[in-house]
Amino acid sequence: MGPSRLSSSAALGALALTMGLTGLVPAGATSGAAATAEGSQRAAGSLRMAVDAVGGASALRGLKTFQYRAGAARSILDEGAVPGSGASPAATVEARVRYRLKGSRPPRVRIDNVRTSLGVDRPVREVLSGRRGYISGVDANFSQPATKAMTSDRWAAIHREQELLNPHVLLSRALDRPSLASNGGQRTIDGRRYRVLVLRDAVAPIELFVDVRKERIAMLRTTQHDYLRRDVPIEVTYGGWRREDDGVRFPRRVALTSDGFEMVRERRTEVDVNPRIKGRVFRFPSAVDPVYDADLADIGTRTSEWLLSFVALGFIKDGGQRAINPITITDGTTTAAGVRLLGGVANNSLVVQRPGGVVVFEGALHDHRAEAVIQYIEDSPDFTGPITHVVTTHHHADHASGMRPYVALGATAVVGEQAVPFFQQVFADRGSTVLPDRLDGTTVAANVQGVPAAGLSLPNGIQVFPLQTEHSVDMVVPYVADQGVLFTSDIYSPPGLPSPTDPNAQAIAAMVTARGLTPKWIAGGHGTFISYAAFKAALGIP
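Residues numbered from 1 in each chain as written. Predicted model: local features only at pLDDT ≥ 70, side-chain atom pairs only at ≥ 80, totals over all residues. Heavy atoms only, no water.

Asker: Kindly report on the pattern of salt bridges, identifying the contributing residues and their values.
Answerer: One pass over the structure, following the stated rule, counts 31 salt bridges. Residues Arg-229 and Asp-78 are paired through a salt bridge, measuring 2.8 Å at the closest nitrogen-oxygen approach. Here Arg-229 is found in the loop between β10 (216–226) and β11 (230–239), whereas its partner Asp-78 is found in the loop between β1 (65–77) and β2 (87–100), with 151 residues between them in sequence. The partner of Arg-98 in a salt bridge is Asp-112, with the nearest N and O atoms 3.0 Å apart. Here Asp-112 lies in strand β3 (residues 108–117) and Arg-98 lies in strand β2, a separation of 14 residues in the sequence. Assessed through its relative accessible area of 10%, Arg-98 is described here as buried. (Salt bridge = Lys/Arg side-chain N within 4 Å of Asp/Glu carboxyl O. Helix = DSSP H or I, 4+ residues; strand = E, 2+ residues; numbered from the N terminus. Buried < 20%, exposed > 50% of the residue type's maximum accessible area, 1.4 Å probe, protein only.)

Structure (structure tokens):
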């Protein structure tokens, strides 16, 4: 408490004196001031209890640096075979975390990881200093080691996750700014009694639950945004608290859940409090010059677990994913008229002009990507009329999380029959406060059309066929019949030639034969396009 701040009793006395002398203060002001003072006292008590749980104010104020090693299992939501089935494994991670809490705003962070995804180790270093960061190593699957600037959403996502996994960072901030803290009362959960500290935050309130009997922080709760599931509860649990050097306690076990599904389970060793961490640990390579983007950082803070789950999986979705690179499908002689593959980022969409309007294949990534595609369509002289349909090949988060803006425009969502209930739920949610899109707050009817086993012919001459794969039970393949363009996602990514033993490629060819289709090209949700003749020849099909 600063020297100029009155004590609660002094404040009440001064207020009462003012009332007596002037008569200008309402009669209820004394009770209001008393309630305010009582609220402040309760907030201070909750903050003190939480701070004591990690070693006390003196120890926390003295916490300048910390480091530890962690082994973790990380998961990702909505990348499994069945729509709505929850989390599936993304990677195992061995990490060394070094954190400089004091002497830099924001704190400096370095994480040296070995992420193992798809059975391959990916050593990669992430360094955050000031409002910038860089990445060095094998960041993505199938890539070579490289050093690159860190985008601001990745930077912010790492900072946010470290705050959630290490509540000392949040509490240190609250000690410096007590006005961030308020009292959340007492709650009983599963027979245990907790005192709750609420910390004000730009995204959503952060609640810290202190076990009254053990006098330790047991869990944290807040809210984030997942582009498919919308605003989701985040819960972090802490266990195995130990007193380290200088009296600070650290948990040895930490787990984080999103929407009730475990995303991170971490076990820590070699915890070291206030080690000397030299400045060169956070030094940037001269060739790297990151640029801070405040809007992108804000998105990263609000969606940290969505973003970092793809980092763990090794399919990177950083950077806003708004760039548009229009690709004309042609062999130099023949061109697919009115068809444009929109690349430029990790996931593609195909835009098709029809007599009644525009059809989009793949509502990819998220609403930011969808808005960029919509803007391209509106600005391009090659496309006219409303967007009538958005077809998604399957429910996976990076292929379907951008469908909502099209639905808001009145487009019919075409999905695999098995995914209809899942997407009805996705489109019914109109109440995001963490990161609203153009469908939130509207009453636009969401029209969802499932693709049956026999296939589906849209009124604009586009056909959509189901395809049975292990990748996803709701997989569909849309086809622009009059231009001979087949569109596939994940099961085959052109222009690489498929292996003759690839079951997905063989399934595509078998479907083409069984349906009597005559494609000229295959365009991909990843990659670019290939002639169907080259695809078929690679499979050894005459």
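Next comes the rest of the account.
Asker: Which residues make up helix α4 (residues 152–165), and what values do they have?
Answerer: Taking 1.5 Å of rise per residue, 14 residues should cover 20 Å, and α4 covers 20 Å from first to last C-alpha, within 8% of that figure. By the criterion of burial, α4 is predominantly enclosed, with 14 of the 14 residues buried. (Expected span 1.5 Å × (residues − 1).)

Asker: Residues and numbers for the side chain of Glu-244, please.
Answerer: Note on placement: Glu-244 falls in the loop between β12 (242–243) and β13 (249–250). For Glu-244, a relative accessible area of 14% corresponds to the buried category. Polar contacts involving the side chain of Glu-244 include one to the side chain of Arg-252, which spans 2.9 Å. Those residues within four positions of Glu-244 in sequence are excluded, and the remaining contacts are Arg-249, Phe-250, Arg-252, Val-271 and Val-273. (Polar contact = N/O pair within 3.5 Å; in protein donor to acceptor, adjacent residues only side chain to side chain. Contact = heavy atoms within 4.5 Å.)

Asker: Give a description of the packing of aromatic side chains that names residues and reports values.
Answerer: Following the criterion strictly, the structure yields 16 aromatic pairs and no others. Arranged with centres 4.8 Å apart and planes meeting at 10°, the rings of Phe-66 and Tyr-99 form a pair that is stacked. Separated by 33 residues along the polypeptide, Phe-66 in strand β1 and Tyr-99 in strand β2 bring together distant segments of the chain. Both rings, one in Trp-306 and one in Phe-310, keep their centres 4.9 Å apart while their planes meet at 55°; by these two values the pair is tilted. Taken together, the residues Trp-306 and Phe-310, both in helix α7 (residues 304–313) and four residues apart, mark about one turn of the helix. An aromatic cluster is defined as three or more aromatic residues linked by ring pairs; in this entry it consists of Phe-66, Tyr-68, Tyr-99 and Phe-250. Against the face of Phe-284 rests Arg-132, its NZ or CZ located 4.6 Å from the ring centre. Over the ring of Phe-209 we find Arg-221; its NZ or CZ atom is 5.1 Å from the centre of that ring. (Phe/Tyr/Trp six-rings, centres within 6.5 Å; stacked < 30°, edge-to-face > 60°. Lys NZ or Arg CZ within 6 Å of the ring centre and 35° of its normal.)

Asker: Outline a positive patch on the surface, listing residues and values.
Answerer: Taken together, the side chains of Arg-213, Lys-214, Arg-242, Arg-253 and Arg-267 define a basic patch exposed on the protein surface. In this structure, Lys-214 sits in the loop between β9 (206–211) and β10. (Patch = residues over 30% accessible without salt bridge, like charges linked within 9 Å, V, L, I, M, F, W, Y side chains within 5 Å. Areas by Shrake-Rupley, 256 points an atom, 1.4 Å probe, with all protein chains shown as cover. Lys, Arg positive; Asp, Glu negative; His and termini not counted. Charge placed at Lys NZ, Arg CZ, Asp CG, Glu CD.)

Asker: Report on the sheet that holds strand β20 (residues 387–391), specifying residues and quantitative values.
Answerer: Ordered by their spatial adjacency, seven strands build an open sheet running β16-β17-β18-β19-β20-β21-β22, and the pairing between neighbours is mixed. On the outer flanks of this sheet lie β16 (325–330) and β22 (448–451), each paired with one strand and no other. Ignoring which end each strand starts from, the neighbouring axes of this sheet average 25° apart. On the sheet, helix α8 (residues 367–379) packs against β16, β17 (335–343), β18 (349–354), β19 (357–361) and β20 and is oriented at approximately 145° with respect to β17. (Pairing = 2+ DSSP bridges. Axes fitted to C-alpha atoms, helices over the stretch in contact; angles between N-to-C directions.)

Asker: Lay out the pairing of strand β25 (residues 476–480) with the relevant residues and their values.
Answerer: Burial runs high along β25: five of the five residues are buried. With burial as the criterion, each face of β25 is covered, one bearing Val-476, Pro-478 and Val-480 and the other bearing Val-477 and Tyr-479. Sheet analysis places β25 next to strand β26 (residues 485–488), joined by two bridges and oriented antiparallel. Across the sheet, the residue bridging to Tyr-479 is Leu-486, located in β26. Linking two consecutive strands that pair antiparallel, namely β25 and β26, is a turn of four residues; a positive phi of about 70° is found at Gly-484 within it.

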